[in-house]
Amino acid sequence: MGQELCKYELLKSILFEVIEENSPEVKDIFLFLLKALRSDNVDSVKIKELFQEISENKHLMGVIKACSLHNIILNIYEEQEQAKIASVSRSIATAYKNLEEEGFDRLDCDKVLESIRFYPVFTAHPTESRRRTFLEAHQEITKELEKIEQFSYMPNDCIPYKDREVQQSKENIKYRLHLLWNSHLVRSEKLEVIFELDNLLFIVENSILPSALRVLNQVSNRLNKPLKISPIKLGNWIGGDRDGNPFINNEIMTRVMKMQHELIINTYIKEVDKLIRELSVSVDFFTPNKDLQKSLQKEIMYLNQTALKLYEREPFRAKLNLIKLKLQNHLLKVNSINEVEFTYNNPKELLEDIDILISSLDSISTKRLSSFRNLVLLGGFHLMQLDFREHRDMYLSAVSEVLCLLGYADSDFLHRHESKKIEVLNKALSEPAINLNGILWNVSPQTRETINAFLRVLWAKKAISKDILKTFIISMTTTASDMLAVLYLAYCSGLWQRGKIKKLENGETFIKEGKSGIFITPLFETIEDLDNAQSILKTLTNNEHYRQYLKDSGNSQQIMIGYSDSSKDGGIFTSNYSLYKAISNLVKLESKLNIKFMLFHGKGGSISRGGGQLENALLAFPRGSIGTTLKTTEQGEIISSRYLNPRVAIRSFALTLASLLKKSVHDNFCFDDSDKAEINQQNKKYFCRHEPYLAKFDELSKVSYRAYRDLVYETPNFVDYFKNATPIDFIQNLNIGSRPSKRKETQRVEDLRAIPWVFAWTQNRSIIPAWYGLGSALKALGDKQLLQDCYQESIFFKTTIDTISQGFIKIDMEIAEIYNDFVQDCELKKCVWDKISNEYKHTLEWLLITRNEHNLLDSKQDIRDTILTRMPNIRALSLLQVELIKKYKVAQYEDSRKRLMEQIHGTIIGIAQGIRNTG
């Protein structure tokens, strides 16, 4: 533990040195605060007085910044600890070892490893609370800390050199912290979509791509053969997620697609340049095979004078120069109105060129070429597959206007019965597709924008890559007609080319193969929608047009499951259980309909939005629900916590693939439900048995749902309580994201986005979305032994309880009670607070009983210590936030309010960094 402690102490000492040099008074206040808040005998009255004094002190912003920077170095330290087990080969090797010990054959494991696919889809929300300046500093400090760790292993005879290099790294860390000290914590300008993409591309280029590539190389080595398809496919929502975001339009979407294309092609060109420098192999030592010779002869006219000189003696360099030219021409092709010669039509052609080079060289000489090949499998010509997401109302509105224009319906189409809508859509889909370009100026601007989006995607698939965008997501899907409406737009735009069966004159049958370039993806978000999912999908599979679309899509249907709104709708336990049930039912329906469902998990960063350890959640999914594919969102600050540090990114990718391997092997090869299969195989029972306590979980879910709904939806004026007892108004003015906090301008909980909802409760430290309702449910069941048995024997229940426990321990009820005092309505204040405080007591009591612990997370002491270490810092920021809000509410003039707003925003960012999520 000594060296680990030294790393944290080193960072802390450098930070304190920076604070001392910039503001000695701040250092004294900050140290006093930490000491006071860590004391076992905290005098709440004196603490309150202390924070009132600090809030009036001229060094207030310095204290906020000191707390925030301290949280940042804690985050860096923790990431370093995680990175210790970042070995790809070890993670996957451990999975193989465990599976072989359980009796699974290595060849079967190889077969599954070759077929697994992990699709992390990066989004901008809940938005990363840190500015890019802070992200870059975070990464640079991490690199310097890694250098210091490496130098510690150098032999003693290198001491002078080691000391000099360690000192230089310390100076570099100090330089970065000094710059951060003199930078604003919060952006002064509204964050635009392109800036959100810029933040993501920074992490992708510097960490995600090289880390994922390293994992691909290791997988290829383990399989002992070249990969056919990348096991990791990157996705992106920034620029494609329009649901409630008026700042995303077709111009932004096109720009995003071009930026991604440019980045990945330039990455390839850089890699080819390195290969040109390295592969100086001469024909005197390696004879190029016939394929390479033939390829060079065919393309020799495109070689420049320098490359021509290489042609005879160094053919490998000559071929690489041709590859580079084709890549450069692909960049030109995207913007050119004329046809560009000598370029690649698709990544497959680039891979063929690379394979020609590999086949002419020995295994040692092809090391970098093989890695380059894997990079192309990973990035294609699109880098990340963009998803298009829009609210059902927008799709339906556009289709309604088009159908009215063409005479298929009247203007009341949107208000027709579902059966009538389907009837009209069936009729339109039976007719030849109309030319959407021909009606663009005969429809309203809003409809024109929607229609043009489909046409833009069609252009991008031809100009950039067929993989640039495939998924069209329908938010708040409630009916089958929602999906048929999108199918109609895909049909008319050419994104779906319908397959046909024709009878020829001679009586023979002619089958024209159809082709779908997109996945029409319903997003089921509320608990009611999840319950209705089966009915909607049955209706669609019985529809001749949608059935043909499915056939043209390889009988595959993508379905997105939303974690955020279901939690806001019914509480954390009911949400988790409803999702588990819905997924289980979809697995059963899948086999009945003979269609392959690919589930897309819309998980957030916070506990209440499906956050927590992805690997544990994966293993807890219902049997058969994963197959060999996992597609999930990676949101906001979770992207930086998992992928900003390359070593942590490697660990994240490796653990996910290893967990996916284990889950897939068990689901594919484990059929024995008997207890005999469990002898000396404690973990195997989680996979080989169905959940034994579903009836009890159903009881828990009903009680939890009633308790949650009673508070959030049935307490009169609860929204007024929420607006006064949380800093939601200040969050909505925070410049950390491009998207508005509400779908609609109403005062209903339903219309508030899940992200600011969770963010606000997290800031007031009651964090009710992460636990409320569970205590009532556990207490109502009342059987201590039964709950402990459930915890020990059900991986779903254990994972849910563990995840909730990790969120629950971050609650600070003393801070929440202070926030409660902001509510002016005394009756409302007492009513809500009594419910929250009583539910908190029940939840704590029954979590301890269920987990059989004396203190929460006793059995996970490392996690407990990590969380509790942060609490004094976060508490200081919370107390400062409360005092500043009090001042803001009585501020008399605009300049004062503006200054206080900036300070409050600083505490919000600092708390988010400490708790490590915004929403």
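Above: the structure in question.
Engineer: Account for the overall build of the protein, naming residues and giving values.
Structural biologist: For the protein, the count of helices and strands is 38 helices and twelve strands. By the burial criterion, 60% of the 919 residues in the protein qualify as buried. Sequence separation of 24 or more characterises 80% of the internal contacts of the protein that already satisfy a separation of 6 or more. For the protein, the exposed surface amounts to about 38,500 Å²; the carbon and sulfur share of it is 49%.

Engineer: Outline the sheet that holds strand β9 (residues 519-524), listing residues and values.
Structural biologist: Pairing in this closed barrel of eight strands is parallel, and the strands run β1-β2-β3-β4-β9-β10-β11-β12 around the ring. Pairing of strand β2 (residues 235-236) with strand β3 (residues 385-391) involves two bridges; the strand directions are parallel. Bridge pairing in β3 links N236 to L386. On top of the sheet, helix α18 (residues 445-463) reaches β3 and β4 (469-475); it is set at about 160 degrees to β4, its chief contact.

Engineer: Could you give me a rundown of the pattern of salt bridges, with the residues and numbers involved?
Structural biologist: For the structure on display, the rule yields 51 salt bridges. Residue R317 is joined to E314 by a salt bridge in which the shortest nitrogen-to-oxygen separation is 3.0 Å. The exposure class of R317 is buried, given its relative accessible area of 18%.

Engineer: Just give me the short version of the side chain of N71, but keep the residues and values in it.
Structural biologist: Tracing the backbone through its elements, the reader meets N71 in helix α4 (residues 60-83). A distance of 3.0 Å separates a polar side-chain atom of N71 from the backbone oxygen of G910. Apart from the residues lying within four places of it in its own chain, the contact partners of N71 are R870, N873, L877, G910, Q913 and G914.

Engineer: Describe in detail the nonpolar core, supporting the description with residues and values.
Structural biologist: Nonpolar side chains tend to gather and get buried jointly when the protein is soluble and globular. In terms of nonpolar packing, the biggest core is built from 160 residues, with Y268, L327, F472 and Y488 touching the most fellow members. With sequence-adjacent residues up to four places away left out, Y488 is seen in contact with V399, V402, L403, L406, Y408, L425, A428, L429 and I434.

Engineer: I'd like to hear about helix α11 (residues 290-299), residue by residue, with values.
Structural biologist: Listed in full, the buried residues belonging to α11 are L292, S295, L296 and E299. Projection of α11 onto a plane perpendicular to its axis shows the buried side chains occupying an angular sector of 95 degrees, all on one side. In α11, those exposed residues whose orientation departs by more than 90 degrees from the buried face are K290, K294, Q297 and K298. Residues of α11 that are buried sit in contact with α12 (305-313), α13 (315-335) and α14 (347-359).

Engineer: How would you explain the packing of aromatic side chains if you had to name every residue and give the values?
Structural biologist: As enumerated under the stated definition, the model contains 34 aromatic pairs in all. Ring centres 5.2 Å apart and planes at 10 degrees place the aromatic pair F697 and F797 in the stacked group. Residue F697 is located in helix α28 (residues 694-712), and its partner F797 is located in helix α34 (residues 795-808); the two are separated by 100 residues in the primary sequence. Given the relative accessible area of 0%, F697 is considered buried. Following the ring pairs from residue to residue traces out a cluster consisting of F573, Y577, Y580, Y693, F697, F796 and F797. Its end group placed over the ring of W459, R456 keeps NZ or CZ at 4.8 Å from the ring centre. Above the face of the Y713 ring, R709 is positioned so that its terminal group lies 3.8 Å from the ring centre.

Engineer: Residue-level account of the packing of α34 against helix α36 (residues 826-851), with values.
Structural biologist: The contact between α34 and α36 brings their axes to 11 Å, and the two run at 130 degrees. The orientation of α34 relative to α36 falls into the category oblique. Our pair here, α34 against α36, has a crossing hand that is left-handed. Where α34 abuts α36, its residues F797, I801, D802, S805 and F808 lie against Y840, T843, L844, L847, T850 and R851. Residue composition of the contact of α34 with α36, grouped by class: six nonpolar, three polar and two charged.

Conventions we followed
Residues numbered from 1 in each chain as written. Predicted model: local features only at pLDDT ≥ 70, side-chain atom pairs only at ≥ 80, totals over all residues. Heavy atoms only, no water. Helix = DSSP H or I, 4+ residues; strand = E, 2+ residues; numbered from the N terminus. Buried < 20%, exposed > 50% of the residue type's maximum accessible area, 1.4 Å probe, protein only. Contact = heavy atoms within 4.5 Å. Areas by Shrake-Rupley, 256 points an atom, 1.4 Å probe, with all protein chains shown as cover. Pairing = 2+ DSSP bridges. Axes fitted to C-alpha atoms, helices over the stretch in contact; angles between N-to-C directions. Salt bridge = Lys/Arg side-chain N within 4 Å of Asp/Glu carboxyl O. Polar contact = N/O pair within 3.5 Å; in protein donor to acceptor, adjacent residues only side chain to side chain. Core = buried A, V, L, I, M, F, W, Y, C linked by side-chain atoms within 4.5 Å. Arc of directions from axis to C-beta. Phe/Tyr/Trp six-rings, centres within 6.5 Å; stacked < 30°, edge-to-face > 60°. Lys NZ or Arg CZ within 6 Å of the ring centre and 35° of its normal. Parallel < 35°, antiparallel > 145°, perpendicular 65-115°, else oblique. Left-handed = near helix turned anticlockwise from the far one by under 90°. Nonpolar A, V, L, I, M, F, W, Y, C, P; charged D, E, K, R; others polar.

Purely geometric numbers; function is a separate question.
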